[in-house]
Amino acid sequence: RRRHTRFKCDWSSDVCSSDLHVRSVLAQAYAADGDAVRAKAFAAAIPSPARGELVAQIVKLIADKGRTHDAMTLAWDVADGVEVHFAMAAAVTSMAERDIFADGHALADLIINRPAQDVAFAALARAHARAGDFDAALETASRIDVVRRARTMTAIAVARATRGDVAGALQAARAMNENERALALADIAEGLLAAGDTAGAKVVLAELGDTVGLVPRAVVAWARAGEDRKSTRLKLQSHLNLVCRLL
């Protein structure tokens, strides 16, 4: 299935999309089995930029097996330029999910691409929060670019609330701008409801006040918290009216 190319040595279009898909699937399958050698062979056969996201995925799969060194060796051998940094971020994410904090931070510090570094620090901050170490979570989150920090701060607030510190979660939400605060409060309420804390969810939703109708997830949470149907219907109607005006 070789395609015609303008130059004799131009291999850039020799591989059709179906070949790329098969090689990608095989690389991920071998990575999931922990076979870094075969995963590397198939990933290396895929041209950039299609290879970038794949390398990050297979690095994560191999690192999940506890073989971070093999994963990073694959990344350095196969990836180019910025791909290496996102592969490193994938390895950090794997370590964070397994509560390997010291090595995770050490590897994150080696990432020099800012978006990739933000991915790594976000994963570490969320893992610290899940473990209940909120000081470390906040310190790590402070290293994320402010533009991309809100979702991580929200995750930390949700973890704090579900561990019983609703007041601390509300304080964190109040430090955000208006739009971020509304979304954070909705997430915190949903987290409390999932944990069976209906009373806490009502306290959080009350913080939204009359703006609860502006956040669809908050309206749903309001309904799940046991509010009467008429009140919920009015809030939904308020949201729909706003959407219609914006359109």
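Remember, predicted model here, so these are calculated numbers, not experimental data.

Asker: How would you summarise the overall build of the chain if you had to cite specific residues and measurements?
Answerer: For the chain, the count of helices and strands is 14 helices and 0 strands. From first element to last, N terminus to C terminus, the chain shows the α and β order α-α-α-α-α-α-α-α-α-α-α-α-α-α. Counting across all 247 residues of the chain, residues that qualify as buried make up 44%. A sequence separation of at least 24 residues applies to 51% of the contacts in the chain between residues at least 6 apart. Carbon and sulfur atoms make up 56% of the accessible area of the chain, which amounts to about 13,300 Å² in all.

Asker: Tell me about the pattern of salt bridges, residues and numbers included.
Answerer: For the coordinates displayed, the defined rule picks out 11 salt bridges. Across the pair aspartate 35 and arginine 38 runs a salt bridge, and its minimum N-O distance is 2.8 Å. With a relative accessible area of 47%, arginine 38 lands in the partly exposed category. Across the salt bridge formed by arginine 151 and aspartate 187, the nearest N and O atoms sit 2.9 Å from each other. Of the two residues, arginine 151 is situated in helix 9 (residues 150–162) and aspartate 187 in helix 11 (residues 178–194); the sequence distance between them amounts to 36 residues. Taking the relative accessible area as the measure of exposure, arginine 151 reaches 46% and is therefore partly exposed. You can call aspartate 187 buried: its relative accessible area is 12%. Through salt bridges that share partners, Lys60, Asp64 and Glu97 make up one connected network.

Asker: Now, about the nonpolar core: what can you tell me, with residues and values included?
Answerer: Core analysis: the largest hydrophobic core is formed by 47 residues, its most contacted members being Val55, Val59, Leu74 and Val92. When sequence neighbours within four positions are dropped, the list of residues in contact with valine 55 reads Leu74, Ala75, Val78, Ala79 and Ala87. In terms of nonpolar packing, the next biggest core, distinct from the first, is built from 19 residues, Val166, Ala173, Ile188 and Leu192 among them.

Asker: Outline the packing of aromatic side chains, listing residues and values.
Answerer: Under the defined criterion, the tally for this structure stands at 1 aromatic pair. Where tyrosine 30 meets phenylalanine 42, the ring centres are 5.8 Å apart and the plane angle is 15°; that geometry is what we call stacked. With tyrosine 30 in helix 1 (residues 17–32) and phenylalanine 42 in helix 2 (residues 36–44), the pair connects residues that are 12 residues apart, well separated along the chain.

Asker: So what's going on with the side chain of threonine 140? Which residues, and what values?
Answerer: Inspection of the secondary structure puts threonine 140 in helix 8 (residues 134–141). When sequence neighbours within four positions are dropped, the list of residues in contact with threonine 140 reads His105, Phe121, Leu124, Ala125 and His128.

Asker: Tell me what's going on with the environment of threonine 140, and back it up with residues and numbers.
Answerer: Judged by its relative accessible area of 1%, threonine 140 falls in the buried class. Through-space distance from the C-alpha of threonine 140 to that of alanine 120 is 9.8 Å; in sequence the pair is 20 residues apart.

Asker: So what's going on with helix 4 (residues 68–78)? Residues and values would help.
Answerer: Among all positions in helix 4, only Thr68, Ala71, Met72, Leu74, Ala75 and Val78 are buried. Taken end-on, helix 4 shows its buried residues confined to a sector of 155°, consistent with a single buried face. Considering only its buried residues, helix 4 is in contact with helix 2, helix 3 (50–63), helix 5 (82–97) and helix 6 (101–108).

Asker: Pulling in residues and values, what's your account of helix 5?
Answerer: With 16 residues, helix 5 ought to run about 22 Å at 1.5 Å a step, and its terminal C-alpha atoms sit 23 Å apart, in line with that. For helix 5, the tally of buried residues reaches 13 of 16 residues, placing the bulk of the element in the interior. Positive phi appears at aspartate 99, one or two residues downstream of helix 5, with a value of about 60°.

Asker: I'd like a rundown of the side chain of asparagine 113, residues and numbers included.
Answerer: Its place among the elements puts asparagine 113 in the loop between helix 6 and helix 7 (114–130). At 3.0 Å, the side chain of asparagine 113 forms a polar contact with the backbone nitrogen of alanine 116.

The rules behind the values
Residues numbered from 1 in each chain as written. Predicted model: local features only at pLDDT ≥ 70, side-chain atom pairs only at ≥ 80, totals over all residues. Heavy atoms only, no water. Helix = DSSP H or I, 4+ residues; strand = E, 2+ residues; numbered from the N terminus. Buried < 20%, exposed > 50% of the residue type's maximum accessible area, 1.4 Å probe, protein only. Contact = heavy atoms within 4.5 Å. Areas by Shrake-Rupley, 256 points an atom, 1.4 Å probe, with all protein chains shown as cover. Salt bridge = Lys/Arg side-chain N within 4 Å of Asp/Glu carboxyl O. Core = buried A, V, L, I, M, F, W, Y, C linked by side-chain atoms within 4.5 Å. Phe/Tyr/Trp six-rings, centres within 6.5 Å; stacked < 30°, edge-to-face > 60°. Arc of directions from axis to C-beta. Expected span 1.5 Å × (residues − 1). Polar contact = N/O pair within 3.5 Å; in protein donor to acceptor, adjacent residues only side chain to side chain.

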